Every structure is written in C-alpha cells, then in structure tokens.
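Close look at the chain arrangement
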Amino acid sequence: MKPIQQPASDARIVILTGAGISQESGLETFRDPDGIWSKVRIEDVATPEAFAADPDRVHAFYNMRRKRALTLNLEPNAAHKALAELEARWPGEVLVVTQNVDSFHERAGTTNLIHMHGRHAEARCNHCSHVVPWSGDMSVDVVCEGCAKPGGIRPNVVWFGEMPLQMDRIQAALFECDLFISIGTSGNVYPAAGFVGLMRKMGRGHTVELNLEPSTGASLFAESHYGKATDIVPRYVAALLNDQT
Ligand code: OAD
C-alpha cells in the first residue's frame with residue numbers, strides 16, 4: 001500500500017461502508033456483474049410501490065436474503081474486524097455508517113454504528129412503525145404484536161424512494177469529521193454517494209476511498225487505495241494505528 005496521509009491523533013473519523021466490505025464474507029454485492037441487481041429488478045422488490053403491488057414477491061426476496069445471511073454461518077471478515085479495532089483504539093471518535101443490512105459490523109465489535117438502510121434481521125409494521133428483531137420468514141399473514149393488525153409487517157430496510165435512517169445524526173457527524181473513509185461502495189446511491197461531495201464542499205476533512213476499483217465518485221476523494229477489502233482495510237487501519245504508538 002502506498003503511504004497514507006496521517007490525520008491528527010484525535011481526529012474524528014466517519015466511515016461509510018457498502019456491500020463490497022461484506023463480499024468476502026460470502027454476501028453478493030448489488031452492481032458487480034453477478035450482483036443482486038443483475039438477477040432481480042429494483043422496481044420489482046425494493047420500492048414501496050413493489051410492496052404495495054406484490055407483497056408476496058417482496059417478502060420472498062428478503063426471506064431468501066435473510067435466510068442466506070442467517071443460516072450459512074457467514075462470519076465478519078478481517079475488514080469488519082479492523083474497523084472494530086480502530087474504534088476500540090483510536091483516541092478520537094469513530095462512527096461507522098453502513099448501507100449494509102447485514103450484521104457483520106456489530107458482530108465484529110463495532111458499537112458506534114448507524115444502519116442507514118436498516119437491517120434485514122428486523123421487521124417493521126407499516127401501520128404503527130413498531131420494530132422487532134426477526135430471524136424467520138415474513139408474510140402478509142403476520143399480525144403485528146404492537147398494533148395487532150395483519151398485513152403491515154415488512155423488512156426494516158430502506159427502499160428506493162424512502163428516506164434513509166438517522167440522516168440528522170449522520171449529517172452532524174460529517175459536519176464535524178476530520179477524516180471521511182468510504183469502503184466497498186460503488187457510489188451510485190444517494191444520499192450516501194453524496195457524502196464525499198459534502199466533505200469537499202465544506203472544505204474541511206481528509207477523504208479516502210478504499211475499494212476494489214475506482215467508484216463513480218472516485219475523483220472526489222483526496223486519497224485512494226484499491227484492492228480487496230480484507231487486504232486494504234486492515235493495512236490502512238494498521239497504518240493509522242501504528243503511527244499512534
Ligand atoms: P454496490 O454493489 O453498488 O457496490 C459494491 C462496491 O464494492 C463496488 O464498487 C465493487 O467494486 C466493490 N467491491 C466488490 N467486492 C469487493 C471486495 N472484496 N473488496 C472491496 N470492494 C469490493 O453496493 P453499494 O454501493 O453498497 O440499497 O450499494 C449501495 C446501495 O445500493 C445498497 O445499500 C442497496 C443497493 O441498492 C438499497 O437497497 C436501498
């Protein structure tokens with residue numbers, strides 16, 4: 001890895017992650033050639049309109065993904081673990097904002113974490129917004145334990161056309177951050193894809209891309225390192241931490 005630009009030892013760090021960080025744990029990405037969106041259409045399974053038109057099809061898609069993630073004994077990889085170690089050892093604040101609906105970051109030990117696109121191991125009721133942990137299949141027949149109505153239970157994930165979660169907290173963290181790192185995301189989905197542009201516009205804070213290949217917004221980053229997440233993320237984190245000791 002080429003040399004990294006070392007931030008101040010108390011730098012506040014915000015890390016955005018995407019599907020690329022979980023790829024080596026065994027989950028498909030979305031936009032790589034064999035990715036999820038090459039097999040199903042977004043408008044059929046990942047919009048509120050799709051759920052209204054054909055809830056059984058949407059449930060089947062998320063039931064399949066949830067089952068895959070929960071029953072294959074998939075594990076967090078070295079990149080997830082490196083970010084947990086960074087949070088544990090870095091003197092300043094480290095916040096991980098993930099677009100991923102899997103649970104690898106928390107299982108690796110990251111605690112300061114925002115799931116901006118929700119979690120597929122949770123259900124939410126469309127009628128009353130009650131959220132509950134969920135590990136099995138969902139269907140239109142499920143009755144919400146919060147409001148006792150049937151038909152409203154859906155995966156607690158953000159669909160296209162819906163507002164990502166905790167945007168106020170994310171924006172506040174970006175306004176204050178000294179180092180923004182983007183890992184394993186193609187930079188196609190807003191608002192996450194716009195975070196690096198916001199950092200640039202504010203004119204403060206260093207920006208770093210760690211990805212398999214240059215993302216759509218690659219030219220906006222001040223520093224970049226390309227390779228597999230399990231290789232470049234631990235090496236980048238080690239470089240940050242070693243200069244601390
Ligand atoms: P994408 O599939 O769009 O992009 C994944 C990125 O990871 C690509 O740039 C790949 O080159 C890179 N990549 C693949 N394997 C990698 C590896 N082993 N190590 C490092 N990088 C690797 O996924 P996201 O950008 O996360 O949203 O997609 C963003 C959102 O689009 C998702 O959260 C989801 C999707 O539609 C919703 O469903 C709302």
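Structural data are supplied above this passage.
Residues numbered from 1 in each chain as written. Predicted model: local features only at pLDDT ≥ 70, side-chain atom pairs only at ≥ 80, totals over all residues. Heavy atoms only, no water.

For the chain, the helix and strand inventory stands at 8 helices and 9 strands. In terms of overall dimensions, the chain is globule-like: its C-alpha atoms have a radius of gyration of 18 Å, near the 18 Å expected for 245 residues. Counting only C-alpha atoms and orienting by the principal axes, one finds that the chain spans roughly 55 × 35 × 30 Å. Of all 245 residues assigned to the chain, the portion counted as buried reaches 51%. A sequence separation of at least 24 residues applies to 66% of the contacts in the chain between residues at least 6 apart. Accessible area of the chain: about 11,400 Å², with a carbon and sulfur share of 51%. Across the chain, the mean location of the 23 positive side-chain charges is 1 Å away from that of the 29 negative side-chain charges. (Helix = DSSP H or I, 4+ residues; strand = E, 2+ residues; numbered from the N terminus. Rg over C-alpha atoms; globule rule 2.2 N^0.38 Å. Buried < 20%, exposed > 50% of the residue type's maximum accessible area, 1.4 Å probe, protein only. Contact = heavy atoms within 4.5 Å. Areas by Shrake-Rupley, 256 points an atom, 1.4 Å probe, with all protein chains shown as cover. Lys, Arg positive; Asp, Glu negative; His and termini not counted. Charge placed at Lys NZ, Arg CZ, Asp CG, Glu CD.)

Turning our attention to the environment of Y226. Assignment of secondary structure puts Y226 in strand 9 (residues 223-226). Residues contacting Y226, with those up to four places away along its chain left out, are E209, N211, L212, E213, P214, A218 and I232. Among the polar contacts made by the side chain of Y226, one reaches the side chain of E209 at a distance of 2.9 Å. (Polar contact = N/O pair within 3.5 Å; in protein donor to acceptor, adjacent residues only side chain to side chain.)

Turning our eyes to something else, we now look at the sheet that holds strand 8 (residues 206-211). The parallel open sheet is built from 6 strands, whose spatial order is 3-2-1-7-8-9. The two strands at the open ends of the sheet, each matched to only one other strand, are strand 3 (113-115) and strand 9. On average, each strand axis in the sheet is tilted by 15° relative to the strand beside it, whichever way the strands run. Relative to strand 8, strand 7 (residues 179-183) runs parallel, the two sharing 5 bridges. Looking across to strand 8, one finds that S182 is bridged to E209. Running at roughly 150° to strand 8, helix 8 (residues 229-242) makes contact with strand 1 (13-17), strand 7, strand 8 and strand 9 of the sheet. (Pairing = 2+ DSSP bridges. Axes fitted to C-alpha atoms, helices over the stretch in contact; angles between N-to-C directions.)

With that settled, consider the site of the ligand. The immediate surroundings of the ligand are formed by 24 residues, with A19, F30, R31, T185 and S186 found nearest. At a separation of 3.1 Å, a nitrogen atom of the ligand approaches a polar side-chain atom of E24. Separating an oxygen atom of the ligand from a side-chain N or O atom of T185 is a distance of 2.6 Å. Looking at the shell around the ligand residue by residue, the class counts come to 8 nonpolar, 11 polar and 5 charged. (Near = heavy atom within 4 Å. Nonpolar A, V, L, I, M, F, W, Y, C, P; charged D, E, K, R; others polar.)

With that settled, consider the nonpolar core. One finds I13, I15, L86, I181 and V233 to be the most contacted residues of the largest nonpolar core, which totals 25 residues. Of all the elements in the fold, those that place two or more residues in this core are strand 1, helix 4 (78-89), strand 2 (94-98), strand 7, strand 8 and helix 8. The dominant element in this core, judged by the number of residues it contributes, is helix 8, at 7 residues. Each residue touching L86, except ones within four places of it in the same chain, is listed here: I13, I15, V94, V237, L240 and L241. (Core = buried A, V, L, I, M, F, W, Y, C linked by side-chain atoms within 4.5 Å.)

For the rest of this paragraph, the subject is the pattern of salt bridges. Under the definition given, this model contains 15 salt bridges. Across the salt bridge formed by R12 and E176, the nearest N and O atoms sit 3.8 Å from each other. With a gap of 164 residues between them, R12 in the segment before strand 1 and E176 in helix 6 (residues 167-176) connect regions that are remote in the sequence. Ionic pairing is found between D178 and R12, a salt bridge with its closest N-O pair at 3.4 Å. (Salt bridge = Lys/Arg side-chain N within 4 Å of Asp/Glu carboxyl O.)

Strand 8 sits mainly inside the fold: 6 of its 6 residues count as buried. Here strand 8 shows no split at all, with H206, V208 and L210 on one side and T207, E209 and N211 on the other all buried. Between strand 7 and its parallel partner strand 8, the chain crosses via helix 7 (residues 195-202), and the hand of that crossover is right-handed. As defined by bridge partners, strand 8 adjoins strand 9 across 4 bridges and the pair is classed as parallel. Bridge pairing in strand 9 places N211 opposite Y226. (Right-handed = clockwise from strand over helix to strand, strands pointing away.)

When you line up the elements, R66 lands in helix 3 (residues 55-71). Sequence-wise, R66 and V140 are 74 residues apart; in three dimensions their C-alpha atoms are separated by 17 Å. Look past the residues within four positions of R66 in its chain and what remains in contact with it is H120, W134, S135, G136, D137, M138 and P155. Separated by 2.7 Å, the side chain of R66 and the backbone oxygen of H120 make a polar contact.

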